[in-house]
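For reference, the chains in residue letters:
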Amino acid sequence: DVKVTQSSRYLVKRTGEKVFLECVQDMDHENMFWYRQDPGLGLRLIYFSYDVKMKEKGDIPEGYSVSREKKERFSLILESASTNQTSMYLCASSLLYTLYGYTFGSGTRLTVV
Amino acid sequence: DQQVKQNSPSLSVQEGRISILNCDYTNSMFDYFLWYKKYPAEGPTFLISISSIKDKNEDGRFTVFLNKSAKHLSLHIVPSQPGDSAVYFCAASVMNYGGSQGNLIFGKGTKLSVKP
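Right, let's walk through the structure included here. (Residues numbered from 1 in each chain as written. Chains lettered and ligands numbered in written order. Predicted model: local features only at pLDDT ≥ 70, side-chain atom pairs only at ≥ 80, totals over all residues. Heavy atoms only, no water.)

Attention now moves to the sheet that holds strand β1 (residues 4-5) of chain B. All names here are of chain B. One open sheet accounts for 5 strands, arranged β1-β3-β8-β7-β6; its pairing is antiparallel. Since the sheet does not close on itself, it has two edges, and those belong to β1 and β6 (56-59), each with one partner. When strand β7 (residues 62-67) meets strand β8 (residues 72-77), the two strands line up antiparallel, connected through 6 bridges. Following the sheet pairing, Thr 63 is matched in β8 by His 76. (Pairing = 2+ DSSP bridges. Helix = DSSP H or I, 4+ residues; strand = E, 2+ residues; numbered from the N terminus.)

Quick look at the state of the cysteines now. Following the criterion strictly, the structure yields 2 disulfides over all chains and no others. In this model Cys23(A) forms its disulfide with Cys91(A); the gap between the sulfur atoms is 1.9 Å. Negative torsions about the S-S bond denote left-handed disulfides, and the value of about -80° found for Cys23(A) with Cys91(A) makes this one left-handed. With Cys23(A) in strand β3 (residues 19-25) and Cys91(A) in strand β9 (residues 87-94), this pair connects stretches of sequence that are 68 residues apart. Judged by its relative accessible area of 0%, Cys23(A) is buried. Between Cys23(B) and Cys90(B) runs a disulfide, and the two sulfur atoms are separated by 2.0 Å. Measuring handedness by torsion sign, the sulfur bridge of Cys23(B) and Cys90(B) sits at about -75° and is left-handed. In this pair, Cys23(B) sits in strand β3 (residues 19-25) while Cys90(B) sits in strand β9 (residues 86-93), placing the two residues 67 residues apart along the sequence. Of the two residues examined, Cys23(B) and Cys90(B), each falls in the buried class. (Disulfide = S-S within 2.5 Å. Buried < 20%, exposed > 50% of the residue type's maximum accessible area, 1.4 Å probe, protein only.)

The partner chain A presents 22 residues to the 21 residues of chain B that form the contact. Between chain B and chain A the total buried area reaches about 1,700 Å² when both faces are included, carbon and sulfur atoms providing 54% of it. Between chain B and chain A we count 6 residue pairs in polar contact (both at pLDDT 80 or more) in total. Broken down by class, the residue content of the side of chain B that touches chain A amounts to 10 nonpolar, 8 polar and 3 charged. (Contact = heavy atoms within 4.5 Å. Buried area = accessible area lost by both parts, 1.4 Å probe. Polar contact = N/O pair within 3.5 Å; in protein donor to acceptor, adjacent residues only side chain to side chain. Nonpolar A, V, L, I, M, F, W, Y, C, P; charged D, E, K, R; others polar.)

So, about the packing of aromatic side chains. Each aromatic ring pair is characterised by the separation of its centres together with the angle its planes make. The final tally for this structure, using the stated rule, is 16 aromatic pairs over all chains. Plain terms: the ring middles of Tyr35(A) and Tyr102(A) are 6.4 Å apart, the flat faces sit at 40° to each other, and that makes the pair tilted. Here Tyr35(A), found in strand β4 (residues 31-38), pairs with Tyr102(A), found in the loop between β9 and β10 (103-104); they are 67 residues apart in sequence, far enough to count as distant. Here Tyr35(A) falls in the buried class, since its relative accessible area comes to 2%. Relative accessible area serves as the criterion here: at 3%, Tyr102(A) is assigned to the buried category. Cluster of aromatic residues (ring-pair linked, three or more members): Phe33(A), Tyr35(A), Phe48(A), Tyr50(A), Tyr102(A), Phe104(A), Tyr36(B), Phe46(B) and Phe106(B). (Phe/Tyr/Trp six-rings, centres within 6.5 Å; stacked < 30°, edge-to-face > 60°.)

The next point concerns the environment of Ile53(B). Residues and elements named next belong to chain B. Of note, Ile 53 is situated in the loop between β5 (45-51) and β6. On the basis of relative accessible area, Ile 53 is assigned to the exposed category, the value being 78%. In sequence terms Ile 53 and Asp 31 are 22 residues apart; their C-alpha atoms lie 8.1 Å from each other.

To continue, consider the pairing of strand β4 (residues 32-38) of chain B. Residues and elements named next belong to chain B. Of all 7 residues that make up β4, 7 are buried, and the element is covered over most of its length. Taking every second residue as pointing to the same face, both faces of β4 are buried, with Tyr 32, Leu 34, Tyr 36 and Lys 38 on one and Phe 33, Trp 35 and Lys 37 on the other. Sheet topology places β4 next to β5; 6 bridges connect them, and they run antiparallel. Paired with Tyr 36 across the strands is Phe 46, a residue of β5. Between β4 and the antiparallel strand that follows it, β5, lie 6 residues; Ala 41 among them carries a positive phi value of about 65°.

In structure tokens:
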């Protein structure tokens, strides 16, 4: 069964902490994405990557960075967590050439206190 | 500016009846559309898609209709079941040269409740 695995389901962090959200896929997908989901705002793209060591900004990259050192792993980094980054974070992946959308992970519910 | 709009945040339907979820888009370059379903505490899962060369695509109880002139698509679920209760996201993209999907732009979602 193909999977996108996010390392934590729930996280609670303090304001100002550096936070790492990890995502691993086992489908040999080239593309990987980080979204956040907030009530009334839907899914908003933070960053995406088409290849190892490659990254592109999405719609809301401010306050975030990413790392893709290996094809299967895409990390989202909150350099200094703030309360407005409390959200559900969703990782997704896809083949470079496909018509089957993205495969999403189960999400990480991050609370910044 | 929102390129993909789902104007109904919620929809309530009786079990066995038809559910119709609507989606509008503003970018006339979009030529590939998808619907995703999301249960609480889970990631969205792909449901059905349609390209702009078609106006209808069916998969079991799910049918997506595309009206290009109106820049409107809809998802019909017949008959609706309580297990269909979820948030439904519409997504759109511009297909790449070579016929692959481009980056997906998502709507804000519609929460469907199917009552027994």
